[in-house]
Each structure stands twice: as C-alpha cells, then as structure tokens.
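Reading the structure
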Amino acid sequence: MSPPIDFKLRRRTLLAGTAAAAAFASVPRGEAAAQTQSKPAGPETTTVTLNVNGEARELTVDNRTTLLDALREHLKLTGTKKGCDHGQCGACTCTVNGERINSCLSLAVMHDGDEVQTIEGIGQPESMDPMQAAFVEHDGFQCGYCTPGQIQSARKVIEEIRAGIPSHVTGDLTAEIAITDAEIRERMSGNICRCGAYANILAAITQVAEESA
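Residues numbered from 1 in each chain as written. Predicted model: local features only at pLDDT ≥ 70, side-chain atom pairs only at ≥ 80, totals over all residues. Heavy atoms only, no water.

1. Some points on the pairing of strand E4 (residues 99–102)
Worth spelling out the cut-off: A pair of strands is considered paired only if DSSP assigns at least 2 bridges between the two. A run of H or I in DSSP becomes a helix once it reaches four residues, and a run of E becomes a strand once it reaches two; helices and strands are each numbered from the N terminus.
Pairing analysis gives 4 bridges linking strand E3 (residues 93–96) to E4, with the strands arranged antiparallel. Residue pairing across strands places Val96 opposite Glu99, the latter belonging to E4. Count of turn residues in the E3/E4 antiparallel hairpin: 2 residues, of which Asn97 carries a positive phi of about 55°.

2. Remarks on the nonpolar core
This is how it is decided: What is meant by a nonpolar core is a set of buried Ala, Val, Leu, Ile, Met, Phe, Trp, Tyr and Cys residues, joined one to another through side-chain atoms within 4.5 Å. Residue exposure (1.4 Å probe, protein chains only): buried if accessible area is under 20% of the type maximum, exposed if over 50%, otherwise partly exposed. Contacts between residues were defined by any pair of non-hydrogen atoms, one from each residue, lying within 4.5 Å.
Met131, Phe135, Ala154, Ile158, Met188, Ile201 and Ile205 are the most contacted members of the largest nonpolar core, which totals 22 residues. Those elements that provide at least two residues to this core are helix H4 (130–137), helix H5 (147–162) and helix H7 (198–211). Here this core gets 6 residues from one element, more than from any other, and that element is H7. Discounting chain neighbours no more than four positions away, the residues touching Ile201 are Phe135, Gly140, Gln150, Met188 and Cys193. Within the second largest apolar cluster, 14 residues are counted, among which are Val52, Ala70, Leu71 and Val116.

3. Let's talk about the layout of surface pockets
Heads up, the condition is: Here a cavity means grid points, on a 1 Å grid over the protein atoms only, where a 1.4 Å probe fits yet cannot get out; a pocket means an open set of points with protein on both sides within 12 Å along at least five of seven lines; lining residues are those with an atom within 4 Å of a point. Grid points are joined across faces, edges and corners, and a volume is the space filled by probe spheres set on the points. Each residue gets one of three labels, nonpolar for Ala, Val, Leu, Ile, Met, Phe, Trp, Tyr, Cys and Pro, charged for Asp, Glu, Lys and Arg, and polar for the others, Gly among them.
Empty space within the largest pocket amounts to approximately 230 Å³. Lining the largest pocket are 14 residues, with Ile119, Gly123, Gln132, Thr147 and Ile151 sitting closest to its centre. Elements that contribute at least two residues to the lining of the largest pocket include exactly H4 and H5. Across the lining of the largest pocket, the residue classes break down as 8 nonpolar, 5 polar and 1 charged.

4. Some details on the pairing of E3
Burial along E3 is two-sided: Thr93 and Thr95 and Cys94 and Val96, pointing in opposite directions, are all buried. Of the strand pairs in this sheet, E3 and strand E5 (residues 115–117) are connected by 2 bridges, and their pairing is antiparallel. Counted as the bridge partner of Val96 is Val116 from E5.

Right, dumping it as structure tokens:
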C-alpha cells in the first residue's frame, strides 16, 4: 500500500492561486478567447502554377487543398478519382514529374511548377494509349471507378521494372529484373479493384509489356 502523500497547503501558495484566478475572471470572455487563439503563421491561400497535361494552369488554392482536389474541384479534371482519401486504394494515382503518387496525400502548394499528368493526358477514346486499349481488350475493369488509377500505375510499373527499380519480391538485386506476374502483382498492390478484375488487369499489363519489349 502506498504511503499517504504529505501535502501541506501554504498560505503563500493559496494567495498566489487566488490572485491568478481573480485576474483571469476579470478579463472579458471574448478577450480571453482571443488570447488563447494563435494567429496564422502566414497566408491562408497560395497561387501556384501546375503544368497539367502539357498546359500551364494557374490557380489560387487554400494551403490545405490536396493535389487531388485541385485537379477535380478547381481544374475540373475528374478522371482522377477520389476513393478512400487516405492513400490506401490508389484511385487517385497520377504522375508528378514522371513519378506516380497518391494525389490525395499531397498538397497542391507543394507542386508549384511541377509536371502533372492525369488520365486525360494519356489518351482519348479516338486515340487511346496502348495500356488503355489493353484494358478494354482484356476487360480489365467493371465499374471503371478505379481504372484511371490502375492505368496510371500500370504504365509506371513497366517503366520501373525496366529502370531496374527493385520491389519487395525481387530476388536478385544484381540481375536484370524480369517482368513476371509476381513483380506486376506486387507493384500494383497499392491499387485496389473492388470489382475484382485483377486477373484481367494482369493480362492487360503483360500484353503491353510484351508488345513494347
């Protein structure tokens, strides 16, 4: 059993605490609330220029705006989808300076002057990118919601393997990396298809890899 706490209230401590409480009570409620609120460290909005699909686009955004929301809500490029908004589903995948990212996890103000490519910049129905055509040929989608992000990742997966960038399943880091089913599955694991079209997506990526070898 713990010994009792030896606590003694001294007169000086009591008087100091009482004086502080009285001083705070004399401050008007609105003024007291204002004193507890910190002032912003800087401006709340920023003007940035994004080079989106080869075109410079200037916009002023709240500093908290994600790149995903800047694309969808400000630039009306709705091909990039908002799924989980937590970087877990891959629906928002786009490329920035040639690298694929989850645009829901990146702030727009971080990308002033960057090259951003969305699904709209890859191809159109009348002139599809080979990966888009392969997804259509192999029925690599059902509802289609995740498809833009899947295609963005699929194109970069082939580039990453050929650039010699290893993945978790790469066995030999000194040898040339082969484009295998295991490598593709591992690298595409960040893109979720709730319809379950994974086998068809794999077939589409494999076809493009073989045709472009």
